[in-house]
Amino acid sequence: GDLDKVVNLLLSLSGRLARVENVLNSLGENANSEERSSLNEKRKLLAGQHEDARELKENLDRRERVVLEILGNYLSEEQLQDYQHFVKMKSALLIEQRELDDKIKLGQEQLKCLMESL
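Only a predicted model underlies this, so the values are computations on that prediction, with no experimental measurement involved.

S.K.: How would you sum up the overall build of the protein chain? Please name residues and give values.
M.R.: Counting secondary structure elements, the protein chain contains three helices and zero strands. Mapped from its N terminus to its C terminus, the protein chain presents α and β elements in the order α-α-α. The C-alpha atoms of the protein chain give 20 Å as radius of gyration, which overshoots the globular expectation for 118 residues (13 Å, by more than 25%). Along the first, second and third principal axes, the C-alpha atoms of the protein chain reach 65 × 40 × 20 Å. Counting the 118 residues in the protein chain, one finds 16% classified as buried. The long-range share in the protein chain, meaning contacts at least 24 apart out of those at least 6 apart in sequence, stands at 65%. By element, 52% of the accessible surface of the protein chain is carried by carbon and sulfur atoms, the whole surface being about 9,300 Å². Looking at charge distribution, the protein chain has the averaged site of its 18 positive side-chain charges lying 3 Å from that of its 23 negative ones.

S.K.: Break down helix H1 (residues 2–26) for me, with residues and values.
M.R.: Its 25 residues give H1 an end-to-end C-alpha distance of 36 Å, which sits within 8% of 36 Å, the value for a rise of 1.5 Å per residue. Looking at the buried residues of H1, the elements they touch are helix H2 (33–72) and helix H3 (77–117).

S.K.: Give me the lowdown on the UniProt feature "domain: ASD2" (unreviewed entry) in the protein chain, citing residues and values where you can.
M.R.: Here, the residues flagged by UniProt with the feature "domain: ASD2" (unreviewed entry) are residues 1–118. Secondary structure over residues 1–118 splits into 90% helix and 0% strand, and the C-alpha atoms at its two ends are 45 Å apart.

S.K.: Account for a positive patch on the surface, naming residues and giving values.
M.R.: A cluster of like positive charges, contributed by Arg16, Arg19, Lys42 and Lys105, occupies part of the molecular surface. On the secondary structure map, lysine 105 appears in helix H3.

S.K.: Outline the UniProt feature "coiled-coil region" (unreviewed entry) in the protein chain, listing residues and values.
M.R.: Taking the UniProt record as the reference, the feature "coiled-coil region" (unreviewed entry) is found at residues 17–59. Along residues 17–59, the helical share is 86% and the strand share 0%, with 22 Å between the first and last C-alpha atoms.

S.K.: Any chance you could break down the side chain of serine 91 for me, citing the residues and the numbers?
M.R.: Take serine 91: it is sitting in helix H3. Judged by its relative accessible area of 15%, serine 91 falls in the buried class. Apart from residues lying up to four places away in sequence, serine 91 is in contact with Leu3 and Val7.

S.K.: For the pattern of salt bridges, give the residues involved together with the corresponding values.
M.R.: Applying the stated criterion to the full structure yields four salt bridges. With a shortest N-O distance of 3.7 Å, lysine 44 and glutamate 41 are connected by a salt bridge. Of this pair, lysine 44 and glutamate 41 both sit in helix H2, three residues apart, which is roughly one turn of that helix. Under the relative-accessibility criterion, lysine 44 is labelled exposed at 53%. With a relative accessible area of 47%, glutamate 41 lands in the partly exposed category. Between aspartate 61 and lysine 57 there is a salt bridge, with the nearest N and O atoms lying 2.7 Å from each other. One end of the pair is aspartate 61 and the other is lysine 57, both in helix H2 and four residues apart, which spans about a single turn. Accessibility expressed as a relative area gives 22% for lysine 57, which makes it partly exposed.

About the cut-offs
Residues numbered from 1 in each chain as written. Predicted model: local features only at pLDDT ≥ 70, side-chain atom pairs only at ≥ 80, totals over all residues. Heavy atoms only, no water. Helix = DSSP H or I, 4+ residues; strand = E, 2+ residues; numbered from the N terminus. Rg over C-alpha atoms; globule rule 2.2 N^0.38 Å. Buried < 20%, exposed > 50% of the residue type's maximum accessible area, 1.4 Å probe, protein only. Contact = heavy atoms within 4.5 Å. Areas by Shrake-Rupley, 256 points an atom, 1.4 Å probe, with all protein chains shown as cover. Lys, Arg positive; Asp, Glu negative; His and termini not counted. Charge placed at Lys NZ, Arg CZ, Asp CG, Glu CD. Expected span 1.5 Å × (residues − 1). UniProt positions renumbered as here; feature names shortened; annotations may be inferred. Patch = residues over 30% accessible without salt bridge, like charges linked within 9 Å, V, L, I, M, F, W, Y side chains within 5 Å. Salt bridge = Lys/Arg side-chain N within 4 Å of Asp/Glu carboxyl O.

Structure representation (structure tokens):
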């Protein structure tokens, strides 16, 4: 359960940080300083939160190694490899699910815009 939450948190913060940085990069020279300052503050806040989430992931990885060591005393080598594969695939599938959800959301937004333009 912790793995799901931390991976989703990292993905969410990464996406939000990327969007803020894109907006900052797209601001022209004419952008007012208040808007630029607000976006820079938001970027700093998100970057700090992202770093905190990375630390959570590192702690989770350490806990995973401890669990793996304990399981090594009780499981066969094949079962232990199955467990490791499960944990790796779970993270990969969570990331893939998030990407697909984002693509679906984008598609729905594009469809809505097309329908409104008709």
